[in-house]
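What follows is each chain in one-letter form.
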Amino acid sequence: MAVEGDLNERPAHELIDALKSGEVSARELTDSVLAAIERQQEQINAYITIDADGAREQADAVDRRIAAGESLGPLAGIPVGLKDLICTEGIKTTCASHILNNFIPPYDATVTQRLKAAGAVIVGKLNMDEFAMGSSNENTIAGPVRNPHDSERVAGGSSGGSAAAVASGQATLTLGSDTGGSIRQPASFCGVVGLKPTYGRVSRYGLVAYASSLDQIGPLGRNVRDTSLIFDVIAGHDAHDSTSADVPSPNSAAQLEQGVEGLTVGIPNEFFSEGLDSEVETAVRKGIAHLESRGAKIVDVSLPVAGHPEYAIAAYYIIATAEASSNLSRYDGVKYGHRADTDDLIELYEQTRSEGFGDEVKRRIMLGTYALSAGYYDAYYLKAQRVRTLIKADFERTFKSCDILATPVAPTTAFKIGEKVEDPLQMYLSDIYTVSVNLAGIPSISVPCGKSEAGLPIGLQLLAPPFEEDRLFRSARVVEQELT
Ligand code: GLN
């Protein structure tokens, strides 16, 4: 029998071959990941719900297919974890919030369905910031996620559980969601690969909404190939999501080894401004040098609006909170979720929402409601939308002369638990390099490019024009190869 630790660390594509050849069974693989969860859950706290029985059943079903010689899906037997805002039929989906703590969805999200159809084994639901609002995975009813590289530090957020689980062998692959950086920043903090796909690339049917014009589901993996494998499974048009793009499905895994020879990589100077930690800058520049040494052409570019925190962060936190205030109005204690104990209707709304939402969520609902209110709509919301158009134009212009852009993911490595909780503005600033991507709707990947002296991972962010995820994967693959 294979050694447990070894099994968990092996890449998905190798495990798939090992399953097909009979070297390992899906049950063994699932048991090994469940054991890794059991050992680490108390310490890292990556999961909110662990579905051990369901996972074993799914694994056994895969083993039966193998024994019967039936055809297998592309992720057959691979243990996957889902961020706890992706609906799973019959399994609690809490968004790390009291208000949904008793919510059991009656249906699967499209991504859940696609994973199941591909043979993936869903082991559980991952910890996150409440309603995906946060950058540290500390705003959660389940308690903070701890960084597997240093348990005093945050895993990043809001998909902290998704990044920490993959980094510590508690899932082979995971899904997160990214509204302003929530896949890429935790991926960077935990030393794994994370992709925020083009807006519309992956169906959001069954994703609990935070800010609908920005939200995207995306994958996290321990290496670039694994991440591209699961991306190919979840991406593609879905009639259930009216914002899903009707474009051909990707086949990124096939183009992975094409290299970067002849690609032009733009370096936007605004993303290397003051506030960027020097160790982060050194590692990011090293990552860029790897691209150059493998044949990419490096050019300096400027993104005056998209790269300016005063515009990008401000526009993001107006638009995201405005949309959140509208999306979260559905939690009223009537249809589902937490219900306050009162017979008076108005009191029911008030108490349910006061009891159900955490402080950060309440802050965002108030901010967003304010920005949308009659007297302030033009001054804030409309202005933010105009800035958003300029940010989009910045990228469109730059991508006329570059194939991809390269920047840091976050200004620092993982910070200490508790360090920023009292200062929301400081917390918001950790998103300065990631939010523009969401405002423009373009794809972006975080790939490890080194570590700080203290041993904390650092990510390189690569950006591409809409629907050019392939370019991101093949460039990230080059950085990964140079690093290992
Ligand atoms: N940290 C950002 C926020 O709090 C981004 C969150 C996300 O991408 N879901 O809004």
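Calculation rules
Residues numbered from 1 in each chain as written. Predicted model: local features only at pLDDT ≥ 70, side-chain atom pairs only at ≥ 80, totals over all residues. Heavy atoms only, no water. Helix = DSSP H or I, 4+ residues; strand = E, 2+ residues; numbered from the N terminus. Polar contact = N/O pair within 3.5 Å; in protein donor to acceptor, adjacent residues only side chain to side chain. Contact = heavy atoms within 4.5 Å. Axes fitted to C-alpha atoms, helices over the stretch in contact; angles between N-to-C directions. Parallel < 35°, antiparallel > 145°, perpendicular 65-115°, else oblique. Left-handed = near helix turned anticlockwise from the far one by under 90°. Phe/Tyr/Trp six-rings, centres within 6.5 Å; stacked < 30°, edge-to-face > 60°. Buried < 20%, exposed > 50% of the residue type's maximum accessible area, 1.4 Å probe, protein only. Salt bridge = Lys/Arg side-chain N within 4 Å of Asp/Glu carboxyl O. 1 Å grid on protein atoms, 1.4 Å probe; cavity = no way out; pocket = protein on both sides within 12 Å on 5 of 7 lines; lining within 4 Å. Points joined across faces, edges and corners; volume = space filled by probe spheres on them. Nonpolar A, V, L, I, M, F, W, Y, C, P; charged D, E, K, R; others polar.

S.K.: So what about the side chain of Ser-244? Which residues, and what values?
M.R.: Its location among the elements puts Ser-244 in the loop between helix H8 (224-234) and strand E9 (264-268). Here Asp-238 takes part through its backbone nitrogen, which lies 2.8 Å from a polar atom of the side chain of Ser-244. Residues in contact with Ser-244, not counting those within four places in the same chain, are Gly-200, Gly-236, His-237 and Asp-238.

S.K.: Can you lay out unusual backbone geometry for me, pointing to particular residues and giving the numbers?
M.R.: In this structure, the amide linkage connecting Gly-157 to the following residue, Ser-158, adopts the cis form with an omega of 10°. Tracing the backbone shows Ser-158 in the loop between strand E5 (150-154) and helix H6 (160-167). Even without being a glycine, Asn-137 presents a positive backbone phi close to 55°. Note that Asn-137 resides in the loop between strand E3 (121-126) and strand E4 (146-147).

S.K.: Account for the packing of helix H3 (residues 26-44) against helix H4 (residues 52-67), naming residues and giving values.
M.R.: Where H3 contacts H4, the axes come no closer than 8 Å and their chain directions differ by 160°. Taken as axis vectors, H3 and H4 run roughly antiparallel relative to one another. H3 and H4 meet at a crossing whose hand is right-handed. Counting all contacts with H3, which are made through Ala-26, Arg-27, Thr-30, Asp-31 and Leu-34, the residues of H4 involved are Ala-52, Ala-55, Arg-56, Ala-59, Asp-60, Val-62 and Asp-63.

S.K.: With reference to specific residues and values, describe the packing of aromatic side chains.
M.R.: Counted under the stated rule, the structure contains 16 aromatic pairs. Geometrically, the ring pair formed by Phe-189 and Phe-415 is edge-to-face, given 5.8 Å between the ring centres and 90° between the ring planes. Placement of the pair is Phe-189 in helix H7 (residues 184-190) and Phe-415 in the loop between strand E11 (404-408) and helix H14 (424-429), with a sequence separation of 226 residues. Grouping residues by exposure puts Phe-189 and Phe-415 together as buried. Look at Tyr-377 and Tyr-381: their rings are 5.2 Å apart centre to centre, the planes differ by 45°, and that puts the pair in the tilted class. Highlighted residues: Tyr-377 and Tyr-381, both in helix H13 (residues 377-398), separated by 4 residues, approximately one helical turn. Residue Tyr-377 is classed as partly exposed on the basis of its relative accessible area, which comes to 32%. Through successive ring pairs, a cluster of aromatic residues spans Phe-103, Phe-131, Tyr-331, Tyr-336 and Phe-357.

S.K.: Can you tell me about the pattern of salt bridges, naming the residues and giving the values?
M.R.: As enumerated under the stated definition, the model contains 21 salt bridges in all. Asp-332 is the partner of Lys-335 in a salt bridge, and the nearest nitrogen-oxygen pair spans 3.4 Å. You can call Lys-335 exposed: its relative accessible area is 54%. A salt bridge links Glu-468 to Arg-471; the nearest nitrogen and oxygen atoms lie 3.7 Å apart. Taking the relative accessible area as the measure of exposure, Arg-471 reaches 18% and is therefore buried.

S.K.: Which residues make up empty space enclosed by the protein, and what are the values?
M.R.: A full pass over the atoms with the stated rule returns 2 cavities of 30 Å³ or more. Quantified by volume, the largest cavity comes out at close to 80 Å³. Contributing to the lining of the largest cavity are 13 residues, with Gly-134, Ser-182, Tyr-316, Tyr-317 and Asp-431 lying nearest its centre. Residues belonging to the lining of the largest cavity are distributed by class as follows: 5 nonpolar, 6 polar and 2 charged. Within this model, the second largest cavity holds a volume of roughly 40 Å³. Contributing to the lining of the second largest cavity are Glu-270, Phe-271, Ser-273, Gly-307, Pro-309, Ile-432 and Tyr-433. Across the lining of the second largest cavity, the residue classes tally to 4 nonpolar, 2 polar and 1 charged.

S.K.: Help me get a handle on the environment of Phe-467, residues and values and all.
M.R.: Note that Phe-467 resides in the loop between strand E13 (457-463) and helix H16 (469-483). Phe-467 sits in the partly exposed class, given a relative accessible area of 29%. Linking Phe-467 and Gly-441, residues 26 residues apart in sequence, is a C-alpha distance of 9.9 Å. Leaving out residues up to four positions away in the same chain, Phe-467 has contacts with Thr-198, Tyr-199, Arg-201, Ala-245, Val-247 and Pro-443.

S.K.: Report on the packing of helix H10 (residues 309-327) against H13, specifying residues and quantitative values.
M.R.: Relative to each other, H10 and H13 sit at 125°, their axes nearing to 9 Å. Taken together, H10 and H13 sit at an angle that is classed as oblique. Of the two possible hands of crossing, H10 and H13 adopt the one that is left-handed. Across the interface between the two elements, Tyr-311, Ala-312, Ala-315, Ile-318, Ile-319, Ala-322 and Glu-323 from H10 touch Tyr-380, Tyr-381, Ala-384, Gln-385, Val-387, Arg-388 and Ile-391 from H13. Across the contact of H10 with H13, the residue classes tally to 11 nonpolar, 1 polar and 2 charged.

None of this, on its own, says anything about what the molecule does.
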